[in-house]
Each structure stands twice: as C-alpha cells, then as structure tokens.
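Coordinate analysis (summary)
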Amino acid sequence: MIRLITSGLIVFGVLAAVAGLSSALFTTNPVTISGNTFSTGTAGLGIARDWDEGYHESIEGEEFGDLVPGGTKYSQAFWLWNRSTAPIELNLHTQLLDITAGEDLMENLLIAFACDVGNDNPEDQGPGDGHTDLMSLADWKIKGVIGGLGTLGEKGLPDGHGTDEARCTMTARLDEKSNAQGATATFDAEFTGEQVHEPS
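Read on for a plain summary of the structure.

What about the nonpolar core?
One broad rule of soluble globular proteins: the nonpolar side chains tend to lie buried together. Counting 30 residues, the largest nonpolar core has Phe78, Leu80, Ile111, Phe113 and Phe191 as its most contacted members. Counting only elements with at least two residues in this core, the list comes to β1 (45-48), β2 (74-82), β3 (90-100), α2 (103-108), β4 (109-117), α3 (137-143) and β8 (165-174). Not counting residues up to four positions away in its chain, the partners in contact with Ile111 are Leu96, Asp133, Leu134, Met135, Leu137, Trp140, Met170, Thr171, Ala172 and Phe187.

Pasting the structure below:
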C-alpha cells in the first residue's frame, strides 16, 4: 500500500514539473492589422437625350402633339447608362407616375418603351435588349413597375456603343377607338436598374 502511494506521488511530481516547464515557453509580442475599412459600392443609372450630351438624373419630357385616332406611332429616343460604382450589371425597369388624363385618353393613349443595349441594331433584339408592350395609360397605372426593358453591362466610359449604355425609345399611339379631341395627357416615366443576381 505504501509503494502504491509513493508511485502516485512520483507520477504527480513528474506531471507538475512538466507543467511548470510548459509555462516557461517564449511568447511573441502581438501584431495587428489595424484600421480595417469596408465600404459598399453604389448602383446608379443616368439618363440623357443623347449619350454625347452627358447623363443626368432627369431630362425634359416629350411633347407629342396632334395625335389622331389610329394614326402614326410617334417615337422619341433617349439613353440610359449604368453609372454604378459597384461592378454590377443592371436589369432595367420602368413605370409611369403622376398620370393625368381624361377617361378616353386613359383607355386609348398607348405607350411603350424599348431599349437597344450597345446601340447595335434597334430592329434586332440582341443580348441585353428589351421592350415593353404597347399599353394604355390605364394598364400602366394598374401594373406599376414593368421589367424586361433590358440589361446593362458593368459601367464603362459613355461612348454610345458599350453594353453599359442603351439607346431607348418611347413610343406613343392613339388607339382608333378614341374620340378625344383637344385633350391632353401627362405623366412622368421613371426608370430604375436592379442588380443582376448571380447564382451562387
């Protein structure tokens, strides 16, 4: 019994000595990476009457006069540019806001938009291009935001040809069912870009 106790004391003594040695190891001074800063980029969209006139937050609206029922479609061009600081592509959306019109024009004034990304061929819907249907003001009001207007590539220098720019058109036509004479309709067309989601 005494021998068992003595052996236990010897083992305990050896373990204590080893533990004492491990606490005497060298350690270094701490080093740090200081001042870490993370900031997010921004998504941005610019609009211009023509790409070489400079892009802005807004431009003056169109004035289509003397529309007749079933007559010619009137179109006017404008440009959209992805001016995001973040390296992202943008899906384009549009909606009509502050629509003011009588009942006839609400039902019979038809509006559509189309965008030719890269200004390569407005007649041929290529990659990134998009358009909306020709819809009445009433339908625009009901549907709200409409997508499918195109996809702008990552920001580059505005030159009228890159995939970060699109030559777009707004088209207006008065349906043949209209009886409105001397009537006026007004609205704001708003365009937004939403980051293209890359699947993970």
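The discussion continues.
Section: the sheet that holds strand β9 (residues 186-195)
If you walk across this open sheet you meet the 3 strands as β7-β3-β9, and the pairing is antiparallel. Pairing within the sheet leaves two strands with one partner each, and these edge strands are β7 (151-152) and β9. The sheet contact formed by β3 and β7 spans 2 bridges and is antiparallel. Pairing of Leu90 across the sheet is with Leu152, part of β7.

Here's the deal with the packing of aromatic side chains
Summed over the entire model, instances satisfying the criterion amount to 6 aromatic pairs. Here the aromatic rings of Phe78 and Phe113 are separated by 6.4 Å at their centres, their planes lie at 80°, and the arrangement is edge-to-face. Here Phe113 lies in strand β4 and Phe78 lies in strand β2, a separation of 35 residues in the sequence. Given a relative accessible area of 5%, Phe78 falls into the buried group. Ring centres of Phe113 and Trp140 lie 5.7 Å apart, and the angle between their planes is 85°; this geometry places the pair in the edge-to-face category. Taken together, the positions of Phe113 in strand β4 and Trp140 in helix α3 put the pair 27 residues apart, joining distant regions of the chain. The pair formed by Phe113 and Trp140 is uniform in burial state, with each residue classed as buried. Through a chain of ring-to-ring contacts, three or more aromatic side chains come together here, namely Phe78, Phe113, Trp140 and Phe191.

Here we look at unusual backbone geometry
Of note, Asp66 is a non-glycine position whose phi angle comes to about 60°, a positive value. Within the secondary structure layout, Asp66 lies in the loop between β1 and β2. Even without glycine at this site, Asp98 takes up a positive phi of about 50°. Turning to its location among the elements, Asp98 is positioned in strand β3.

Considerations on the pattern of salt bridges
Across all of its chains, the model carries 3 salt bridges by this definition. A salt bridge links Glu62 to Arg49; the nearest nitrogen and oxygen atoms lie 2.6 Å apart. In this pair, Glu62 is assigned in the loop between β1 and β2 and Arg49 in the loop between β1 and β2, connecting sequence segments 13 residues apart. We classify Glu62 as partly exposed; its relative accessible area is 29%.

Notes on the state of the cysteines
One pass over the structure, following the stated rule, counts 1 disulfide. Bridging Cys115 to Cys168, the disulfide has an S-S length of 2.1 Å. Where Cys115 bonds to Cys168 through sulfur, the torsion about that S-S bond is close to 105°, and the disulfide is right-handed. Note that Cys115 is positioned in strand β4 and Cys168 in strand β8, a separation of 53 residues in sequence. When its relative accessible area of 3% is taken as the criterion, Cys115 is described as buried.

Concerning the side chain of Ser178
Counting through the fold element by element, Ser178 comes out in the loop between β8 and β9. In terms of polar contacts, Ser178 uses its side chain to reach the side chain of Asp104, at 2.6 Å. When neighbours within four sequence positions are excluded, Ser178 is seen to be in contact with Pro69, Asp104 and Asn108.

About the criteria used
Residues take numbers from 1 onward in each chain, read along the sequence in its written order. Only residues with pLDDT of at least 70 get local features here, since the model is predicted, and only at 80 or more are side-chain atom pairs given and counted; chain-wide, interface and lining totals rely on the full set of residues. Here the side-chain values reflect all heavy atoms present in the structure, with hydrogen atoms and water set aside. The term nonpolar core refers to a set of buried residues drawn from Ala, Val, Leu, Ile, Met, Phe, Trp, Tyr and Cys, joined through side-chain atoms within 4.5 Å. Accessible area is worked out with a 1.4 Å probe on protein chains only. A residue is then buried under 20% of its type maximum, exposed over 50%, and partly exposed in between. Secondary structure elements follow DSSP: runs of H or I of four or more residues count as helices, runs of E of two or more count as strands, with numbering from the N terminus. We call two residues in contact whenever any of their non-hydrogen atoms come within 4.5 Å of each other. What makes two strands pair is DSSP finding at least two bridges between them. Aromatic rings from Phe, Tyr and Trp, with only the six-membered ring used for Trp, were paired whenever their centres fell within 6.5 Å, and each pair was classed as stacked if the ring planes differed by under 30 degrees, edge-to-face if by over 60, and tilted otherwise. Salt bridges are defined by distance alone: a side-chain nitrogen of Lys or Arg within 4 Å of a carboxyl oxygen of Asp or Glu. Only a pair of cysteine sulfur atoms within 2.5 Å qualifies as a disulfide here. What qualifies as a polar contact is a pair of N or O atoms within 3.5 Å, subject to a donor-acceptor requirement within protein and to the restriction that residues adjacent in sequence count only when both atoms come from side chains.

Function cannot be read off these values alone, since they describe shape.
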